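Analysis of the macromolecular model
Each chain, written out:
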Amino acid sequence: MDTTPIDLGHIEVLQILDEHAQLDEALDPGYAPEQLLRMHRGLVLTRAFDQRMLTMQRQGEMGTFAPNLGQEACQLGQVIPLTRDDWYSPSYRSFGAQIWRGWSMERLFKLWSGYHEGFPPPPDVNDLPFSIVIGSHVLPAVGVAMGMRYRNEPHCMVVNYGDGASSQGAVSEAMNFAAVNKAPVVFVCENNGWAISTPLGKQSATSNLAVRGIGFGVPTIRVDGNDILAMTTAVEQAANRARNGEGPMLIEAITYRMSLHTTADDPTVYRSQELVDPWEARCPIVRFETYLQRKGILDAEDAERVRAECDAEVIAARDRFRTDAVARPREIFDHIYGELPAELEAQKQAYLDRLDRKGVE
Ligand SMILES: Cc1ncc(C[n+]2csc(CCOP(=O)(O)OP(=O)(O)O)c2C)c(N)n1
Ligand SMILES: [Mg+2]
C-alpha cells in the first residue's frame, strides 16, 4: 500500500494590507478615497451594531445573536463588489453584509428578537434568508446561480458558510454540482477557526479548507479575511469570472471568531485567552484605519466622529424597532404552514383559549 502523503499543493494567501497596515502596492485595487471611506464606515457600523446587539441580548431584548467581532472585513468584503442584480446568501453571522446589502437594522433587530417580519429579505434586495441548519443553504444558493445561468443573466451569487459547515455533505454536493455545471457562484468559506467549541484541527484533517475546492475542480484562493482590500479584490475577481460564464470559485477567508459563538455560548470554558490575543493585533478595523490615516484621508478625529455617527445610527434604528415591533401572540401559529395540520390546529385553539382567559389581545 502506498503510504506517501498526498501532495495537497501550496495555495497562496492573498494579502494586500499586511498586519502592520503596509500596502502591497503592486496589488493596490486603486479605490477612490470616497469608496475607501465608505468601506471604513461600513466596518465601523458593523461593529457598532454588533456591540449594541450584544447589550440588547444581555438586557433581554434579543432572543439570541451570533456576534461578529473581528470578522467585519471578511463580511463586508464579500458583498462590496456585488451589484444589486447579483445575489447573496448569508449565514447567521452575516449581519454586516446584510446591512451593506440594504437590510434595515430595524429588520435585523426584529429578526433576532423573534418577529417573523424580520426574517424575509427586503423586497428590493437580492438576498436569501439565512438557514440555521448549517451548510444547507449552499445548495439552494447554487440553484439560484443555475437559474441565472439558464436565463443567460450576467450576474452571480455569493454564498457564505463557515469552517464547521464545510463538513456538511450539502456543501460538497453543491460545490461538485456547481463545478460540473459552471454555476455562476462564489463560495466564501469563512474560516474563523471555530465551530462553536470545535476547533478547525478537529474539524478537518487538512490544515486548510481551500484544498477542497481543488478536489472538485473549482479554482481556489485563500485570503486574509481581516484585510478588507484583499477580500474585495478576491471576491471581485471571482464574481467577474462567474458573471462571464467561467464557473464557480472558492475563497477561503481566514479570520477569527473573537467573541462568543452565540449569546448561548461561553468560550472561556474551551479556549484560552492566549489563542485570542494574537488576533487582537490583527483587528481589521484598526488595520484599515491605520492605512487610511497614513494615506491622509482619515485622521483620529474623523475616526472618532464616524464611530459616534454609527453608534447614533444604530441607536436610532433601535428606537424605531422599539416603537414598531408589536408582539402579536395570536399569530404564532401562522406563517409556517399554508394549511395547519390537525394536531397543531388543536394546539392553536387551546392556546387561543388560554390567551382569552388571560385577557391577552
Ligand atoms: C446541520 C446542523 N448541525 C448542527 C448545528 C448546530 N450548530 C449551529 S452553529 C454550529 C457551528 C457552525 O460553525 P461554522 O460553520 O464554522 O460557522 P460559525 O458559527 O463559526 O460562523 C453548529 C454545529 C446546526 N445548526 N445545523
Ligand atoms: Mg467557524
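1. Remarks on helix H11 (residues 284-295)
Its twelve residues place the ends of H11 17 Å apart at the C-alpha level, agreeing with the 16 Å of an ideal helix rising 1.5 Å per residue. Buried within H11 are the following residues: Pro284, Ile285, Arg287, Phe288, Glu289, Tyr291 and Leu292. Buried positions along H11 lie against helix H1 (33-58), helix H2 (72-79), strand S7 (220-224), helix H9 (228-243) and helix H12 (300-324). Positive phi shows up at Gly296, right after H11, with a value of about 85 degrees.

2. Thoughts on the site of ligand 1
Near ligand 1, the surroundings consist of 15 residues, among which Tyr92, Arg93, Ile132, Gly164 and Ala165 are the closest. Relative to its free-state accessible area of 580 Å², ligand 1 is covered by the protein chains to the extent of 73%. The class makeup of the residues in the shell around ligand 1 is eight nonpolar, five polar and two charged.

3. Focus on the environment of Gly70
Position of Gly70 relative to the elements: it lies in the loop between H1 and H2. On the basis of relative accessible area, Gly70 is assigned to the buried category, the value being 6%. Dropping the residues within four chain positions of it, Gly70 is found in contact with Arg47, Asn226, Thr255, Tyr256, Met258 and Pro284.

4. Here's the deal with the pairing of strand S4 (residues 185-191)
Across a regular strand the side chains alternate sides, sitting on one face of the sheet and then on the other. Counting buried positions over the seven residues of S4 gives seven, a clear majority of the element. A two-sided burial pattern is seen for S4, the buried positions comprising Val185, Phe187, Cys189 and Asn191 on one face and Val186, Val188 and Glu190 on the other. As judged from the six bridges shared by strand S3 (residues 157-162) and S4, these two strands associate in the parallel manner. If you follow Gly162 over to S4, its bridge partner there is Glu190. In this fold, the crossover linking S3 to S4 by way of helix H6 (residues 169-181) has right-handed handedness. For S4 and strand S8 (residues 249-254), the ladder comprises six bridges, and the chain directions are parallel. Bridge assignment links Cys189 to a residue of S8, and that residue is Glu252.

Criteria and thresholds
Residues numbered from 1 in each chain as written. Chains lettered and ligands numbered in written order. Predicted model: local features only at pLDDT ≥ 70, side-chain atom pairs only at ≥ 80, totals over all residues. Heavy atoms only, no water. Helix = DSSP H or I, 4+ residues; strand = E, 2+ residues; numbered from the N terminus. Expected span 1.5 Å × (residues − 1). Buried < 20%, exposed > 50% of the residue type's maximum accessible area, 1.4 Å probe, protein only. Contact = heavy atoms within 4.5 Å. Near = heavy atom within 4 Å. Areas by Shrake-Rupley, 256 points an atom, 1.4 Å probe, with all protein chains shown as cover. Nonpolar A, V, L, I, M, F, W, Y, C, P; charged D, E, K, R; others polar. Pairing = 2+ DSSP bridges. Right-handed = clockwise from strand over helix to strand, strands pointing away.

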